[in-house]
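# Tertiary structure, described
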Amino acid sequence: MAITDTTDSVLSPLPVAPGLATERALQPDGLTALRRVATLTDRGRTSAVLTRDAACDAPPDRTMSCSAGLLPRSKKSLRTHKRTPRGRTHAFNNVIHALRTRLEQSSPGPLAPPPGRAQEGGRAPTLWGPPSRPRPKRRWLLVCFLLGGATAGLLPYLAPMPGWRGVPSLAPMAFSGPLSRLGQDPSQRRTAAAMPGPRAVPTVPVVATAVRTDHLRIYLTGLGSAAAFHTVTVRPRVDGQVLKVAFQEGQIVRQGDLLAEIDPRPFQVQLAQAEGQLAKDTAQLQNAKVDLERYTVLLAQDSVAPQQLDTQIALVHQYEGVIKSDQAQIDNAKLQLTYSRITAPITGRIGLRLVDPGNVVRANDPTNGLAVITQGQPMAVVFNIPEDDLPQVLKKVRSGQHLTVEAYDRNLKNKLATGTLLTIDNQIDPNTGTVKCKAVFPNEDDALFPNQFVNARLLVDTKKDTSIVPSAAIQRSPQGTFVYVVKDDSAVEMRYVVVGPSEGEAVAIEQGLAPGEVVVIEGVDKLQRGTIVAARMTGASNAKGNQ
């Protein structure tokens, strides 16, 4: 907004000498014209009047002229009017005075004389409206406090960043102390200032454990399956109809127990026929023997020819052969009668029955059987080991050692049974590069089941009194394998170690660590040489380090 004088008068701060009043204002876009009263000097007149224009609106970016008194309107735009620096300062003072007058008019209070009334005696005109009040100084104090607080809050962000790593910024350090004590009592701040001390060094929380001494067992793990030592499919040996099934599915049967019974009557008839034929042939044999005795006496008296005696002797021998054949028929009939009763050939667990009573079965049927019996005690496990480990195992076996084998479940978490190595296969499988091993387990609790998948672990060696750490403590770098050791002053140290064989989560340390030293197992990604740590020991409630 700009104010100018068309009569080339000099603008000065209010109050001014009386003269003709006029004003021009350049209004902003879309805003209402500001109400104000400005007194300008007119050299041709000696009287002064106070005027106030009503609200006048002007379109955007256009010059609006509001007349006061009898001064003529100027056709010149305020934008093109040149103004001296002093004139611009006076115009700014006039705008401030107009704004202040507007605020005083809007506030309630006694009004001054109306505009247009001239002051007598040629004195300066008196402003109408409430008397002006001096601006309180508290506002300036409030502004100063707000600016100071904003500067203190923005100073850490405006401070330059350090040019190299490891040098802290000075701005946060300068304001961390005073700002942290804003909420403290003055006496507490004085006490804290009177007791200087070293600042606490930041610590890194980690989980650590102590190096222990124990026996480390070295195993060879291979995939395997349980296999019964004996598996029998029970089939009938004679033809006939099944009359009875004497077992229950899943039952433990002993050798000789009755399993099923086939109709025995056909075999009883065969036995009777064989016995009758034997009786007949026996009678003929007795008659032939009597004739042989008679021919012998007659030959001594020279009553018969020797040829007749020889014929009788052959006849007796013939009947003796018939008697043996009849006896064999009897024995066969008795055997068939025995086969009609099916018994368990071995001791073991019988499976599901395959034939129900009333069915007709045939002898030695290759497809059908009565049931399957498996021997579960003892139980065998067949597993594979790599061919590279075969020399170590053969060395132990040839020396007469009985190697222990442990059977675990699929997840290698639950141990099922413990047995011994029985034998090793005589050749290596070229397709897999492994060799089969067979171990035997007592399996008294029936933990192993035929054809069950297991993980067999063969114990090949035991390292005694060795230093053991968890595998999580082992770190690797291009220079070698190392661990973080927590010293007595809670600082960590990188120490290179020589790692031995491992078993599960336990790793043997051959060189570099002593029993009782503390190594870090969790939080190693935040550590470096000399870092101060607060170590929480595994399995203990106390912590080692700077708390």
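Placed above this text is the structure.
First, a word on scope: everything that follows refers to the structure included in this document. Position numbers for residues start from 1 in each chain and track the written sequence from start to end. Per-residue local features of the predicted model are confined to residues with pLDDT of at least 70, and side-chain atom pairs are confined, for both listing and counting, to 80 or more; whole-chain, interface and lining totals are unaffected and use all residues. Here the side-chain values reflect all heavy atoms present in the structure, with hydrogen atoms and water set aside.

Bringing the packing of helix α5 (residues 265-300) against helix α6 (residues 306-339) into the picture now. Between the N-to-C directions of two axes lies an angle of 0 to 180 degrees, each axis being a line fitted to C-alpha atoms and, for a helix, fitted only over the stretch in contact. Going along the chain from the N terminus, every DSSP run of H or I of four or more residues is numbered as a helix, and every run of E of two or more is numbered as a strand. Their axes nearest at 8 Å, the elements α5 and α6 cross at an angle of 165°. Classified by the angle between their axes, α5 and α6 sit roughly antiparallel to one another. Taken as a pair, α5 and α6 cross one another with a handedness that is left-handed. Three categories are distinguished: nonpolar for Ala, Val, Leu, Ile, Met, Phe, Trp, Tyr, Cys and Pro, charged for Asp, Glu, Lys and Arg, and polar for the others, with Gly belonging to the last. Across the contact of α5 with α6, the residue classes break down as 20 nonpolar, 11 polar and seven charged. Angle categories: roughly parallel below 35 degrees, roughly antiparallel above 145, roughly perpendicular from 65 to 115, and oblique for all the rest. In a left-handed crossing the near helix is turned counterclockwise from the far helix by less than a right angle, and in a right-handed crossing that turn is clockwise.

Under the convention used throughout, the expected extent of a helix is 1.5 Å for every residue step, that is, one less than its residue count. Compared with the 52 Å implied by 1.5 Å per residue over 36 residues, the 54 Å span of α5 between its first and last C-alpha is a close match. Throughout this description, buried means an accessible area under 20% of the type-specific maximum (1.4 Å probe, protein chains only), exposed means over 50%, and partly exposed covers the range between. Within the sequence span of α5, burial applies to F267, L271, A274, L278, D281, L285, A288, D291, L292 and Y295. With its phi angle positive at about 60°, D302 sits one or two positions after the end of α5.

Let's shift gears to the pattern of salt bridges. When charged atoms on two side chains of opposite charge get close, those side chains can pair. Here a salt bridge means any side-chain nitrogen of Lys or Arg lying within 4 Å of a carboxyl oxygen belonging to Asp or Glu. Across all of its chains, the model carries eight salt bridges by this definition. Salt-bridge contacts for D446 lead to R349; the nearest nitrogen and oxygen are separated by 3.7 Å. Placement of D446 in the loop between β16 (434-441) and β17 (453-470) and of R349 in strand β10 (residues 348-350) is noted, with a sequence separation of 97 residues between them. Judged by its relative accessible area of 39%, D446 falls in the partly exposed class.

With that settled, consider the sheet that holds strand β9 (residues 341-343). Strands were regarded as paired on the criterion that DSSP finds at least two bridges between them. Spatial strand order, β9-β8-β6-β11: four strands in an open sheet with antiparallel pairing. Two strands lie at the open edges of the sheet, namely β9 and β11 (360-361), each paired on one side alone. Sheet topology note: the strand β6 (residues 240-245)/β11 ladder contains two bridges and is antiparallel. By the bridge assignment for β11, G240 is matched with V361.

All right, on to the pairing of strand β15 (residues 415-429) then. Examined bridge by bridge, strand β14 (residues 404-408) and β15 share five bridges and lie antiparallel to one another. Bridging from a neighbouring strand, Y408 pairs with K415 of β15. The hairpin formed by β14 and β15 contains six residues between the paired strands, and L412 there has a positive phi angle of roughly 60°. In this sheet, β16 lies alongside β15 in antiparallel orientation, the contact comprising six bridges.

Moving on to the nonpolar core. Counting 25 residues, the largest nonpolar core has F383, V393, V405, L421, F441, L448 and L458 as the members making the most contacts within it. Mapped onto this core, the elements with two or more residues apiece are β4 (212-228), β13 (379-386), α7 (390-398), β14, β15, β16 and β17. We call two residues in contact when some of their heavy atoms are within 4.5 Å. Not counting residues within four places of it along the chain, the set of residues in contact with F383 comprises G222, L223, G224, V405, L421, V435, K436, C437, A439 and A456. As used in this record, nonpolar core signifies buried Ala, Val, Leu, Ile, Met, Phe, Trp, Tyr and Cys residues forming a set joined through side-chain atoms within 4.5 Å.

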